[in-house]
Amino acid sequence: MNTIFSGDFSTSELSDWTVEQHVPDGYSDFIVRDNKLVFLDAGNRLLPNAPALENFVIKGAFDADWNINNKEFSLRIFFAYDAYKRQGFALDFGSNGKKLFVKLIAPDRTIISAK
């Protein structure tokens, strides 16, 4: 499989990403630190500027600060995303404070599968 998009976190510009506004401005949702994207708050969506795909593989690393929010967090990766409707299927990765989970969520927010 050929790489068609690779997130570049070497500058704070994020020129290969689009920020979709969902919460009011006033503070940063994320920063780039040590060539890593660090999420500071929930709300806005970061969308990669990539063409529509039928098949894809996502590779990367994820780390969470387990000492905050009672070990609760969630990260959603959207696909088959409709920017006009601002919805799509999503993989939701996270922790409820006791165990890790992954969910496949439909555009209408119905949970299709959970582990």
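Residues numbered from 1 in each chain as written. Predicted model: local features only at pLDDT ≥ 70, side-chain atom pairs only at ≥ 80, totals over all residues. Heavy atoms only, no water.

**Details of the pattern of salt bridges**
Enumeration over the complete set of coordinates arrives at 2 salt bridges. Where Arg-86 meets Glu-20, a salt bridge forms, and the shortest distance between an N and an O atom there is 3.7 Å. Linking Arg-86 in the loop between strand 5 (72-82) and strand 6 (87-96) with Glu-20 in strand 1 (residues 17-20), this pair joins segments that are 66 residues apart in sequence. Residue class for Glu-20 comes out buried when judged on its relative accessible area of 8%. A salt bridge links Arg-76 to Asp-92, with the nearest nitrogen and oxygen atoms 3.7 Å apart. Of this pair, Arg-76 sits in strand 5 while Asp-92 is found in strand 6, placing the two residues 16 residues apart along the sequence. (Salt bridge = Lys/Arg side-chain N within 4 Å of Asp/Glu carboxyl O. Helix = DSSP H or I, 4+ residues; strand = E, 2+ residues; numbered from the N terminus. Buried < 20%, exposed > 50% of the residue type's maximum accessible area, 1.4 Å probe, protein only.)

**A short note on unusual backbone geometry**
Of note in the backbone geometry, Lys-71 takes a positive phi value of approximately 65 degrees without being a glycine. A relative accessible area of 44% means that Lys-71 is categorised as partly exposed. Despite not being glycine, Ala-80 shows a phi value in the positive range, around 50 degrees. As for its placement among the helices and strands, Ala-80 is situated in strand 5.

None of this, on its own, says anything about what the molecule does.
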